[in-house]
There are 4 protein chains.
Amino acid sequence: MLVVMEKGTSEEKIQAAINAIKKRGYTARPIPGGDRVSIGILHNKGSVDATHFLGLGGVKEVIPVTKPYKLVSREFKQKNTHIKVGDAVFGNGSFPVIAGPCAVESETQVLSIAKSVKNAGAKLFRGGAFKPRTSPYSFQGLGKIGLVFLAKVREETGLPIVTEVMDVENFNLVEEYTDIIQIGTRNMQNFSLLRCAGKSDRPVILKRGMSATLQEWLMAAEYIMEEGNNNVILCERGIRTFVRHSRNTLDLSVVAAAKKESHLPIIIDPSHAAGVRDQVISLACASAALGADGVMIEVHNNPEEAMSDGAQSLYPDQFVKVMEKMNAIHAIVRK
Amino acid sequence: MLVVMEKGTSEEKIQAAINAIKKRGYTARPIPGGDRVSIGILHNKGSVDATHFLGLGGVKEVIPVTKPYKLVSREFKQKNTHIKVGDAVFGNGSFPVIAGPCAVESETQVLSIAKSVKNAGAKLFRGGAFKPRTSPYSFQGLGKIGLVFLAKVREETGLPIVTEVMDVENFNLVEEYTDIIQIGTRNMQNFSLLRCAGKSDRPVILKRGMSATLQEWLMAAEYIMEEGNNNVILCERGIRTFVRHSRNTLDLSVVAAAKKESHLPIIIDPSHAAGVRDQVISLACASAALGADGVMIEVHNNPEEAMSDGAQSLYPDQFVKVMEKMNAIHAIVRK
Amino acid sequence: MLVVMEKGTSEEKIQAAINAIKKRGYTARPIPGGDRVSIGILHNKGSVDATHFLGLGGVKEVIPVTKPYKLVSREFKQKNTHIKVGDAVFGNGSFPVIAGPCAVESETQVLSIAKSVKNAGAKLFRGGAFKPRTSPYSFQGLGKIGLVFLAKVREETGLPIVTEVMDVENFNLVEEYTDIIQIGTRNMQNFSLLRCAGKSDRPVILKRGMSATLQEWLMAAEYIMEEGNNNVILCERGIRTFVRHSRNTLDLSVVAAAKKESHLPIIIDPSHAAGVRDQVISLACASAALGADGVMIEVHNNPEEAMSDGAQSLYPDQFVKVMEKMNAIHAIVRK
Amino acid sequence: MLVVMEKGTSEEKIQAAINAIKKRGYTARPIPGGDRVSIGILHNKGSVDATHFLGLGGVKEVIPVTKPYKLVSREFKQKNTHIKVGDAVFGNGSFPVIAGPCAVESETQVLSIAKSVKNAGAKLFRGGAFKPRTSPYSFQGLGKIGLVFLAKVREETGLPIVTEVMDVENFNLVEEYTDIIQIGTRNMQNFSLLRCAGKSDRPVILKRGMSATLQEWLMAAEYIMEEGNNNVILCERGIRTFVRHSRNTLDLSVVAAAKKESHLPIIIDPSHAAGVRDQVISLACASAALGADGVMIEVHNNPEEAMSDGAQSLYPDQFVKVMEKMNAIHAIVRK
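Residues numbered from 1 in each chain as written. Chains lettered and ligands numbered in written order. Predicted model: local features only at pLDDT ≥ 70, side-chain atom pairs only at ≥ 80, totals over all residues. Heavy atoms only, no water.

Q: Honestly, the overall build of chain A in this entry has me stumped. Any pointers?
A: Along its length, chain A carries 11 helices and 14 strands. When the backbone C-alpha atoms are referred to their principal axes, chain A occupies close to 75 × 45 × 40 Å. Across the 335 residues of chain A, 64% fall into the buried class. Long-range contacts, defined as pairs at least 24 residues apart, comprise 68% of the intrachain contacts of chain A with a sequence gap of at least 6. Accessible surface, chain A as shown: approximately 11100 Å² in total, 49% of it carbon and sulfur. Taken as two groups, the 41 positive and 35 negative side-chain charges of chain A have centres that lie 5 Å from each other. (Helix = DSSP H or I, 4+ residues; strand = E, 2+ residues; numbered from the N terminus. Buried < 20%, exposed > 50% of the residue type's maximum accessible area, 1.4 Å probe, protein only. Contact = heavy atoms within 4.5 Å. Areas by Shrake-Rupley, 256 points an atom, 1.4 Å probe, with all protein chains shown as cover. Lys, Arg positive; Asp, Glu negative; His and termini not counted. Charge placed at Lys NZ, Arg CZ, Asp CG, Glu CD.)

Right under this line is the structure:
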């Protein structure tokens, strides 16, 4: 951390800042520049809280240098983490696809969709039994019976299941039925839930919060890893911006940035970012071109009558075509 | 809701859209314009899910007209909701001030600060016992013992207590000690926690999510009210923008907008928005000028050694001056 | 346009709003819903200014339905516009690549880069002679002599030239030397410059403003087309968001959205969005996968000593590899 | 500037980075930390372009320390700049108010509004003769005749005039008629126009770009000052965010931040930020409370029939009341 002093600050203030740094247990090294003095904070274990020094007299700015994360960091572990679930591996250069409807609506529905996405090459099945909805009056998911239907899908198709857990209360229940635990956008900083997921032996898909920086996202993963669960898959699903032509703005540059900072695999959910079908197709192809570790796509056998998010769900035959394109693109990029 | 068809769409597609609307149980009224046909969805109870119709053939756009909230809406209840806690009333045109440190650090600390803010005119005391921290390695709060210290503050000063609850697990514990339950930014869409707060008889301060629209925020309040708790105080604390000179951007226009849409009181937290002390003072005065229903301000007796957010905490003597200014400004604006 | 009245508004206010609409020369049609009255504004030629009605008594909201653009609109012209420059065609399903350095630095530099990008398959050469720089103290470009060097590139390699014009003063000068006129991000709403470009017979690359909505961007293109120049190529180059791991956030969903709204070709500049080389490569591949009408990429023969934006410029051998990948991906997507 | 090397980077790469720094003419000082080496760039005159070093091998991050602005900086000139125009002074602790319609529509209109705002205490008159409009089909202002009407206002009321200049072509014309030159949001980085304004002897109101950081805004002012014009008044008018309940989000924390960085006066335009009248009133009061150096407010004698932005214009009697409140609030804050 670099504590930058104002131009012409008095010696007393500089000394006071140095003392404050030492009082917190750190080493302080003054670096006189041409115009001003900066003080480096050295030999700190882990990152330093900038707010401790920002308000001191004569301090102009406090600039973090060390990143606050440890276990998620590529400096901590250089090799990519590989997470194997069923036939799929996330992080080894392959491109597994997770597909299924937004919400589990009925046994027939999930079985029908699961068979068609499996035929098209999907490696895992997704579907929400507990749905986080902006409105208390919207369909909230089937709950436990939805999980039972998902288990039926696994039984009949062999596809591992990805489903969301919304709270600590239902954690054990969801964990029992699912192969990968999904933590949604709105819960990215639900620290109690993160800790709970950190104690599980199931891999976790951690969706990026709607306005989370890469650093905050990695820190959320750190909460999970710090409890002992190393199998975290990051999932970019679009951020909130001023843009109105799509529901969210898919931040594709985060893939390269996350891979630079962290060893964790990162996948993309183009469906929630787009909000409309025609954007999903092109964003899915872009995701394959980008070097992501997989995608998660919503598919529905009857989007017109879907109970939620019909407009962004692909028709099964669209999914077949997207799979072909994504696989061909992935083969080119992987070379 | 208005379903706008593309220019020159065929009669069949228009009829199909009308049928899809009717199938969902709504009344459809086509409105031929000069260029294109739009279809009004009428006599719907509550709002309509736009995604149901967005993906239909020939549909260009779906425009919501009715707002999705009910109980929080000023159309539902015209008069301002007044929420009385101790000597303070939120929503009746007065300007109660909540003050205290970011985190409870010790009994001495909270008692010392509480006495000074009470003398300066604060009506409630705030302090965090459970702290949501971006990093698992940061100070997470004192937990239960922090709540005990807060109870001591109430006992000795008579000030009602505001403290944050982070999860359902600790809800009953926090509820037992606090007078107002605070739900933080990161939990604004933790729907399980909102429902839990809806069953409590304590008033709730609901902080706005970092990138929540007014509508999403009011829908979160709707979750609480729908469970039976009508005493929700909205709290603006800054939104995430591209700006780097402050931690968040305080969205002051939301006060007038929220008061137009809803009968709920709305207060402002300038401390978290600013992140640095000098901005807090001017934003607090602006909050008073704006017609907000109160403010929540961080004050620390020894910010240099605060365990969190020292840089944004006011010194007690600064707080005295801000109180004077805010009260004088409020008197002018209230006229 | 839909003028939504407040619930329970008086008949007088509704009538007054109807009269205000008529006074402006439009047809007003009241649409009684269950809860409230809305008034449709019909048979308007072109779009209606919402601010005319937003402040009227009893008006809750004004919702635009018709889009304000005409000439750029796909409703106005259904077929894709094809723009041919040299061997390249923008908008016909091909994927022309524009490459070159950020700034023209010397004749040797541009000739060297031009030859290598031509060999790799680039169809046009880019390079800035007039550089818009945030700081008056940064290198502002070589000016006219830079244009002369660019002309030399065309002469020696046959590649058409793309270079930026910054103001009306230098318009004729730049126009004389370039094949495509580029209007930069900061000038997207420099209406005098847009009108000037509209009178030129050169195609125009119109970069998206840093925080421009799709509608504002298309309206800027409308300014050019309204003056008679139909050859406008839209160029997405990243928008400003809260994100800090890349200079800007490339908004890839805008490609599908722009193609839905407009017949104009749209290309992508991944270099300025990323700001760092490793992100440029993956975003360029994603651009090809997305169905964009081309890309513009910065390449430098000696990025370490580049006078501007060295960090985001590809090395020539990286460019060769990206070209191969982009072409292979484009072939898949085009099918 | 601090060049942060990756953990475990080789000695060769560190030396290469040091050499690259020296080659650009700077002093390089390596600062070994616990985990990694950083290299300080010292004794640079002016700021250093980060992109020069960001792409070098082994470089993880480049962190600017020195700010790139000089003349606008408070480190360069400690005392507030005072700008006197007519009876008004910007920057001396007073609170001058600029008022008038969005657009000049007729001589009668401007004279009528000017008299009423003067009576209410406004010190300057604003009105647009050249209007930057998103659509080429919207009213573009009266042009020169509008300037003549503004001159008439000055003649009859004695109020100095503020009006916008949109391009270099009309600069001399506008300059001839106006007392303060306004440069609008969309032109904040129209560097040719900034340079032109820098050669004028008229004070300049420089509106903040819609997504400009404080640093970019100050650099735009630096362009003006660098040409010799020291009389620059910054004007915050709202930034673009995800928010939809107001046209823009007024960034009030920028006032304290700008005053810390710069000696230039800063005023606020609440009208354009809000877009609707009821928000304007409360934001104007907040601006007075904040310690801004003035405000600019839109007032119209007949907003229902205004040719632009009627919804955000105050009625003359509303303006009277806002003036009273703002003055009273300013008196409190100034103490």
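Q: Whenever I open this one, the relation of the copies chain C and chain D confuses me. Can you help?
A: Both copies of the chain are placed relative to one another by a rotation about an axis and a shift along it. At an RMSD of 0.0 Å, chain C and chain D line up after a rotation of 180° and a shift of 0.0 Å along the axis. One copy is carried onto the other by what is essentially a two-fold rotation axis. Distance from the rotation axis, computed per C-alpha, reaches its smallest value in chain C at S211 of chain C: 3.1 Å. A share of 100% of the interface residues of chain C reappears at the interface of chain D, consistent with the copies meeting face to face through the same patch. (Least-squares fit on C-alpha atoms with pLDDT ≥ 70 in both.)

Q: Any chance you could explain the pairing of strand β3 (residues 37-42) of chain D here in plain terms?
A: Put simply, side chains in a regular strand alternate between the two faces of the sheet. Residues and elements named next belong to chain D. Counting buried positions over the 6 residues of β3 gives 6, a clear majority of the element. In β3, alternate side chains face the same way, and those of V37, I39 and I41 on one face and S38, G40 and L42 on the other are all buried. Two strands pair when backbone bridges link them, and strand β1 (residues 2-5) and β3 are joined in this way by 3 bridges, in the antiparallel orientation. Within the sheet, the bridge partner assigned to L2 lies in β3 and is G40. Here strand β2 (residues 27-32) pairs with β3 via 6 bridges, running antiparallel. Bridge pairing links T27 to L42 in β3. (Pairing = 2+ DSSP bridges.)

Q: It is not clear to me how the pattern of salt bridges should be interpreted in this structure. Could you clarify?
A: Think of it this way: side chains of opposite charge can pair up when their charged atoms draw near. Counted under the stated rule, the structure contains 62 salt bridges over all chains. Two residues, K67 of chain A and E61 of chain D, come together in a salt bridge whose shortest N-O distance is 3.2 Å. One end of the pair, K67 of chain A, is in the loop between β4 (59-63) and β5 (83-85); the other, E61 of chain D, is in strand β4 (residues 59-63), on a second chain. When the shortest N-O distance is used, the salt bridge between K152 of chain D and E107 of chain D registers 2.7 Å. Linking K152 of chain D in helix α4 (residues 144-157) with E107 of chain D in helix α3 (residues 107-120), this pair joins segments that are 45 residues apart in sequence. Classification of E107 of chain D as partly exposed rests on a relative accessible area of 29%. One salt-bridge network, held together by shared partners, links R195, K199 and E227 of chain A. (Salt bridge = Lys/Arg side-chain N within 4 Å of Asp/Glu carboxyl O.)

Q: Please explain the sheet that holds strand β2 (residues 27-32) of chain C as it appears in this structure.
A: All names here are of chain C. Judged by pairing direction, the sheet is antiparallel, and its 4 strands sit side by side in the order β2-β3-β1-β4 without closing on themselves. Of all the strands in the sheet, the pair left with one neighbour each is β2 and β4 (59-63). Going across the sheet, the axis of each strand differs from the next one's by a mean of 20°, ignoring polarity. (Axes fitted to C-alpha atoms, helices over the stretch in contact; angles between N-to-C directions.)

Q: What's the story with the interface of chain C and chain D in this structure? I'm lost.
A: How large an interface is tends to be reported as the accessible area lost when its parts come together. Contact with chain C, which involves 50 residues of that partner, is made by 51 residues of chain D. Taken together, both faces of the contact between chain C and chain D bury some 4100 Å²; the carbon and sulfur share is 48%. When residues of chain C are sorted by the area they lose upon contact with chain D, T134, Y137 and R240 of chain C head the list and together hold 14% of the total. Here E216 of chain D and R240 of chain C are joined by a salt bridge, their closest N and O atoms 2.6 Å apart. Put simply, chain C and chain D have 30 residue pairs in polar contact (both at pLDDT 80 or more) between them. Counting only elements with at least two residues in the side of chain C that touches chain D, the list comes to α2 (51-54), α6 (191-198) and α7 (214-226) of chain C. Residue contributions to the side of chain C that touches chain D peak at 5 residues, all from α7 of chain C. Split into classes, the residues belonging to the side of chain C that touches chain D amount to 18 nonpolar, 15 polar and 17 charged. (Buried area = accessible area lost by both parts, 1.4 Å probe. Polar contact = N/O pair within 3.5 Å; in protein donor to acceptor, adjacent residues only side chain to side chain. Nonpolar A, V, L, I, M, F, W, Y, C, P; charged D, E, K, R; others polar.)

Q: Would you mind showing me how to read the environment of M166 of chain B here?
A: As for its placement among the helices and strands, M166 of chain B is situated in the loop between β9 (161-164) and α5 (171-177). A relative accessible area of 12% means that M166 of chain B is categorised as buried. Spatially, the C-alpha atom of M166 of chain B lies 7.7 Å from that of K131 of chain B, the residues being 35 residues apart in sequence. Non-local contacts of M166 of chain B, meaning those with residues more than four positions away in its chain, are made with F191 and S192 of chain A together with F130, K131, P132, N187 and L193 of chain B.

Q: Quick question: what am I supposed to make of the side chain of H300 of chain B here?
A: Residues and elements named next belong to chain B. With respect to the secondary-structure elements, H300 resides in the loop between β14 (295-298) and α11 (316-334). Residue classification places H300 among the buried positions, given a relative accessible area of 3%. In this structure the side chain of H300 is engaged in a polar contact, spanning 3.2 Å, whose partner is the side chain of E105. Polar side-chain contacts of H300 include one of 3.2 Å to the side chain of N301. Discounting chain neighbours no more than four positions away, the residues touching H300 are P101, E105, Q109, I113, A306, S313, L314, Y315 and P316.

Q: I tried to follow the interface of chain B and chain A on my own but got confused; where do I start?
A: Between chain B and chain A, the contact holds 50 residues from the first and 51 residues from the second. Of the roughly 4100 Å² buried between chain B and chain A on both sides combined, carbon and sulfur atoms contribute 48%. For the pair chain B and chain A, the interface holds 4 salt bridges. Where E305 of chain A meets K23 of chain B, a salt bridge forms, and the shortest distance between an N and an O atom there is 2.5 Å. At the boundary of chain B with chain A, the tally comes to 29 residue pairs in polar contact (both at pLDDT 80 or more). When contributions to the side of chain B that touches chain A are tallied by element, the ones reaching two or more residues are α2 (51-54), α6 (191-198) and α7 (214-226) of chain B.

Q: Would you mind showing me how to read the packing of aromatic side chains here?
A: Centre distance and the angle of the planes are the two values used to describe a pair of aromatic rings. A full pass over the atoms with the stated rule returns 4 aromatic pairs over all chains. Considering the side-chain rings of F191 of chain C and Y223 of chain C, the 4.5 Å spacing of their centres and the 25° angle between planes classify their relative orientation as stacked. Of the two residues, F191 of chain C is situated in helix α6 and Y223 of chain C in helix α7; the sequence distance between them amounts to 32 residues. Against the face of Y137 of chain B rests K70 of chain A, its NZ or CZ located 4.4 Å from the ring centre. (Phe/Tyr/Trp six-rings, centres within 6.5 Å; stacked < 30°, edge-to-face > 60°. Lys NZ or Arg CZ within 6 Å of the ring centre and 35° of its normal.)

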